[in-house]
Amino acid sequence: MVRGEWRAHPIRTLVAVLAIAVGVALGFAVHLVNRSALAEFDAAVRTVTGSADLRVEAVSAEGFDESLYPRVARLGVLSATSPVVVVNARAKDGRSLTVLGLDPLRAARVTPALAVGAGPAFGAGGAASGEDSVWLSPALDAGAGERLEVREGGRRVSLPVAGGLPSVETGQRLVVGDIAAIQMKFDRIGRLDRLDLLIAPGVSPAAAAKAVAAVLPPDARVVTPEAESRRSGDLSRAYRVNLGMLAMVALLTGGFLVFSAQSLSIARRRSAFALLQVLGQRREGLFLQVLAEGAVLGLIGSVAGLLAGAALAWSVLGLLGGDLGGGYFSGSRPPLEISPAWTVLHGALGLIVALAGSLIPALDAARIPAAQALKSAGQAGDPGRRPPLAPALFLGATGLAAAFAPPVGGLPLFGYASIALILAAGVAAMPWLARLMIAPLARLPAPVPVRLAAARLAGAPDQAAVALCGLVASAGLMAAMGLMVSSFRGSVDEWLGAILPADVYLRVANAETSGLDPALQAALAALPGVDAMESRRSLTLTLAAERPAVTLLAIPPGEGGAPDLPWRAPPRAWGEGEVPAWISEPLSRLYGLSPGDRMDLPLAGRTITVRVSGVWRDYGRQFGAVVLRRSDYLQITGDAGANEAGFTLAPGADRTETLRRIRQALPPDLAAQTEVAPSAEIRAVALRIFDRSFAVTYALEAVAVLVGVAGVAATVSAQTLARRREFGMLRHVGAGRGQIQAMLVLEGAFLGAVGAVAGLALGAVMGQILIHVVNPQSFNWTMDTRWPWGLLGGLALALTLASSLTALLAGRNALSSDAVRAVREDW
Amino acid sequence: MSTPPPLRIRGLAKSFPGGRLLFEGLDLDLAAGEVVAVMGESGAGKSTLLNLIAGLDTADAGAIDIAGTPLSSLDEPGRTRLRREHLGFVFQAFHILPYLTVAQNTALPLVLANVDPSQALSRAAEMLAAVGLAGREADLPSRLSGGELQRTAIARALVHHPALILADEPTGNLDPETAERSLGLLLEAARTRRAAVLLVTHSARAAESADRTLFLGRRGLGARHAV
Amino acid sequence: MDRLTRRGLLTAAAVAGILPPSGATASTAFAQVIPGRHLVFPRDHGAHPDFRTEWWYVTGWLEGPTGPLGFQITFFRTRTGLGETNPSRFAPRQVLFAHAALSDPRIGKLLHGQRIARQGFGLAEASERDMDVVLDDWRLVRGRSGAMRARAGGEGFDLDLVLTPTQPILLQGEQGFSRKGPKPEQASWYYTLPHLEVSGRLARDGRWAPVRGRAWLDREWSSTLLDPSAVGWDWTGINLDDGGALTAFSVRDARGRAVWTGGSLRTADGRLWTAPNGAVAFEPGRTWRSPRTGAVYPVAPTVRLKTVRGERRWTLKPLFDDQELDSRPSGGPVYWEGAVRVPGGSGYLELTGYAEPLRL
């Protein structure tokens, strides 16, 4: 009987299975990508730190003075201390790599992962290599005896390759050399970036961390393994949030489609079920049978979804690398990390959703009154009954309340719960809403087909709701995503305009410790065609060991004494003799700082206390940024260098020519790593990147909506086919074929419109939760709502059209002459 | 008489698609207000005959005039209009739309004929009163018993004053007592409104209520059961 | 053979395993051992960084609460020839290596530990003024009184010893110039402080207990490697109970023949006899086969000295047989180094090149 049902309605069954599969696939892919990316990150951290129990890290790329090394080493709480110089550089092809300078005699105890590679390998280099030889991870493709060219700042360094680091994780782009040679070659004499520490036996990690922290200058921090893993979690959060949301969309849509498919299938088989009851089948048996059908659907969908998810994750990782294009570590495809437990869990999720979708239909099947169902092949339920609103109201109220809950572990779990609850509320309210929206139509003195269609929809809101729930879910969630993305894009666009006021921008890539020296800055400012030049210094600072580094920007102030930034609220004044600092929104939220607060910055080996004087929007630096006046920065650090500059062109100056002059004014090595571009172009590129990174999102959303529409199509056609006798009767009593077709098209259109309106309304609410709850809680930035009217209107129109078209196609079949005679079929 | 007869059939022939002959040379005349029962074995073509008369199926030969209009002269919309104006139907399975109220179901032929909705509903209410369902206008079909559903169907069949009512086993789904009452109601209402009734039935008891009973066979309709 | 070359090999092997290979060796000007100069103290207790290799080598016997123990604490300094022009404080010009071992017959094998670091930052330093070698928490330092303090440790033991000289410095060879091979440049500066009185404490598994004993310090520095024909050496240094001090070494070739021998005998009255090449012989006696490496060591040799007054012989008897050390995991060789007794004396015996030829 089950198989017969599915064979009779393969499309509907397929769509339900497909929806489950899409949901499971997305969820599983998100999990795999996340897990593999995290594993990759952990591997990177492990490779670089080995089994170090504890690390001391520089708060900025300037490193710390090497005299800290003996101070820490002699503390007595450590059994080994390994000093490390870290240089983030680029290969000749522009891809980034990490150069580590190690003392192999020290590293051998603390970071054997590197030292094993550095041990025997150090001896295997052959006579050709010298003391500045380096050893490369497998991902760096250069053999012993060759030379590796590395670029950093404006510097090119050619290093003889002595051999490989076979024990380093594939995918890591790592260069290991002797610490002294690296210090000399990269001009880091006297500076260290890291100390890897092994805690002495019998000393607790906390005690060791405390003892170490006590001797650290402001430009170094203790990092514990826990802080490390927390930080790596932060890196991939953005992706988890986005893709997790999409997975939820698909899975919930799938659940509702299973509900639709099962409800219809039950309705169609009422008499068969009734017959089974008469023949002695127990009600529980029927209930279990329907559940089992759902379970089979869920199982097939889940298995297909798991396979598709693994494939999806694999291609995403291949396409974007372990950090999904985030740039945290350089382009490598990490291996897929599949754990049996999580695989089963995701598969079970699909199964649970399918079972949940089958629950109500199964209860219905068990409740079919045998006698009545056998006597008339009529519809289940009482169309006259007012659909209840209380459950929907309850769900909605709970959902709204959840929106106000704080994040859990830095993740907007309640925000998601809120979205799910509001979606459930919307679907639960569908019968009521459909009735409310359609009833007025039935009273209109409209042409016959309109009145018939309206009467039918108003009279059978439950059926309308069954057809609609999948559509409402997918349309609602898509509208919510669309609203969020459009608001995000609009805000980013506005922000780009605010942070790029000059005509042309210059940026030295990857140059935290060098860039434009004062003489070069003066030369650039004096170029013909340049009206004004604003130099900026940007560098990264670690403010808290367990958080990723923030960006420090030293910017010349504008007219009011504060720089021109995309303010969230007008900046406030600061006291005489105070150093004002303006912090970005993510920094404000992450570190709980507001205007008027004092804030400590580790600069030039000292702790500088500044006054937070304003908060500005920033979508570029997720982990936070702080702006100082360039004059204050110069006074504190004596660093007059710059690595960014904005040029305002003189009126009438030829932009292309000026760009050429700026490029030519740079020394060749520096020019190789310097981007000079008109701000309009940067803005266009930024938006293009934005659109590209959301293109995946759009594509996946489109899939979700297509699945939703397909669900409606399958449901509508099934319902239409089930009404063949009704059409036969109407034909008898004098309805024309055209009238009935018009009725069906209108029904479909009404249905689609109701679904679209309800979905969009629901989407608007859920979009607001995404904008005001999920985004701030995940990314720590806010945005202004921007309504994508075109997208929403188009979506509504497309849904309406798709729905009516489906009804029309189904109607053609139902109106064949055989069907007309169906009035006389018994059942 | 200037009024044409509700139904006039001459030389009607119909075969199954496979070629097996159902009947041929079938003639039938119904006068206004006349009730004729048609009986016959299963598969004799009773339902096919009704479809042919309703213009939903095409005969191999012969002519059907309804209220003086030859069906063959009409195109599809014309036949639809003809059904809407001159025919009423009562089905074994009632075919009352569950999502419409009793009055709305009854008013359906008027609505399809584009009668003003309020007028249509008041005419439907009158008709319902005539079949004993006064006060039930706003009920939904799910509240009605089988007999009440069939009375609604009867009201729907008569509400637009058709010349001819085609009733296909109208009592097949009812218990004998209800069946008898419903049939009585149908015939009385039809006679009152001078509508002819062609009653297809298996039930000899039902056929007794008719003015005359004909048997359908391969040679058409005869007064006696013909093999 | 002379401990100079021997130690040079050990240290060089250990360091070469870990440091970058050097293309600079040939071009680095190492100081040469040239006879004629007089050693000056305390300056020459300190390091001589211009030479390729140097060591401070303490071996001795302790009387612990559970009976006699052997111990050795050795510090090596190697000039790598690397980073000579690099201004970085991490430049690996000098590498310090230290080794400690405890011979406890109740355990039946050596307990040991080691430290290695490039010189610098006060964490690894060798003073050029007096004896003061630091390697993380290990140290060998000579105090103003002339007594030395040595701290080191290893698997389950820690040593914190005061070594007090009871006799004057013993200059080996010609006023400290000690030949190691047939070529004149195969030589080292070599002096010994025998009969060091040991006091201090020994920790076993974290529990300290006082110990007393008698030790021997060898000091040697040079730039020259072993003769190419050599595969290993035997060496011994014995504190004789009558106050005498016996030193003997023999460098062997692949067929077990002596390539070069040397040594000395100083009697309690201070008279020193220095053995010319060929005057010392090691006669293999009982052998012990290592179950780990399969090497067969003559753990109880008889040392013969042909002095002007006639031949003298001492038959050595190990504290226990298994005093083999396999330092291959840290890049070193396999050798036997253990506490030995002679009738009327005690000291240390070192046997190298038995598991496999020592390679350069």
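Residues numbered from 1 in each chain as written. Chains lettered and ligands numbered in written order. Predicted model: local features only at pLDDT ≥ 70, side-chain atom pairs only at ≥ 80, totals over all residues.

Secondary structure summary: chain B contains seven helices and 10 strands in total. Looking at chain B alone, contacts between residues at least 24 apart form 71% of all its contacts between residues at least 6 apart. (Helix = DSSP H or I, 4+ residues; strand = E, 2+ residues; numbered from the N terminus. Contact = placed C-beta atoms within 7 Å.)

All names here are of chain A. The nine strands are arranged E16-E17-E15-E18-E14-E13-E19-E12-E20 in an open sheet whose pairing can be described as mixed. If you trace the sheet from one side to the other, it starts and ends with strand E16 (598–603) and strand E20 (674–678), each paired once. Neighbouring strand axes in the sheet, compared pairwise and without regard to direction, differ in orientation by 30° on average. Two strands pair when backbone bridges link them, and strand E14 (residues 550–555) and strand E18 (residues 625–629) are joined in this way by five bridges, in the parallel orientation. Among the inter-strand pairings, leucine 553 is bridged to a residue of E18, identified as valine 627. Sitting on the sheet, helix H20 (residues 630–637) is in contact with strand E13 (530–541), E14, E16, strand E17 (606–616) and E18, with an inclination near 85° to E18. Lying on the sheet, helix H21 (residues 655–665) is in contact with strand E12 (504–508), E13, strand E19 (644–649) and E20; it crosses E20 at an angle near 165°. (Pairing = 2+ DSSP bridges. Axes fitted to C-alpha atoms, helices over the stretch in contact; angles between N-to-C directions.)

Let us look at the sheet that holds strand E1 (residues 7–15) of chain B. Residue and element names in this part refer to chain B. On the basis of which strands lie adjacent, the open sheet formed by four strands has the order E2-E1-E4-E5 and antiparallel pairing. At either margin of the open sheet sits one strand with a lone partner, and together these are strand E2 (21–30) and strand E5 (69–70). Relative to E2, E1 runs antiparallel, the two being bridged by six bridges. Counted as the bridge partner of leucine 12 is leucine 26 from E2. Helix H1 (residues 46–54) contacts E1, E2 and strand E4 (61–66) of the sheet and is inclined by roughly 125° relative to E1.

Once that is clear, we can look at the environment of Arg123(B). All names here are of chain B. Along the chain, the position of arginine 123 falls in helix H4 (residues 117–130). Judged by the 18 C-beta atoms lying within 10 Å of it, arginine 123 is partly exposed. Taking the C-alpha atoms as reference points, arginine 123 and leucine 110, 13 residues apart in sequence, are found 8.8 Å from one another. The residues touching arginine 123, leaving out its near neighbours within four places in the chain, are Leu110 and Val159. (Buried ≥ 20, exposed ≤ 12 C-beta atoms within 10 Å, placed from the backbone.)

Two faces make up the sheet, and in a regular strand the side chains alternate between them. Residue and element names in this part refer to chain A. Burial of strand E4 (residues 96–102) is extensive: five of the seven residues sit out of reach of the surface. In the sheet, strand E3 (residues 78–91) pairs with E4 via seven bridges, with the strands oriented antiparallel. Bridge pairing in E4 places valine 87 opposite valine 99. Counting the residues that bridge the hairpin from E3 to E4 gives four residues, and of these glycine 94 lies at a positive phi of roughly 90°. In terms of strand pairing, E4 meets strand E8 (residues 174–178) through five bridges, oriented parallel.

For the rest of this paragraph, the subject is the environment of Ala150(C). All names here are of chain C. Examined against the element boundaries, alanine 150 turns out to sit in strand E8 (residues 148–154). Each C-alpha atom, one on alanine 150 and one on aspartate 160, is 5.8 Å from the other, the two residues being 10 residues apart in sequence. When neighbours within four sequence positions are excluded, alanine 150 is seen to be in contact with Val58, Ile73, Leu140, Leu159, Leu161 and Leu163.

With that settled, consider the interface of chain B and chain A. Every contact between the two is made by 27 residues of chain B and, on the other side, 25 residues of chain A. A total of five residues in the side of chain B that touches chain A trace back to one element, the largest contributor, which is helix H3 (residues 102–112) of chain B.

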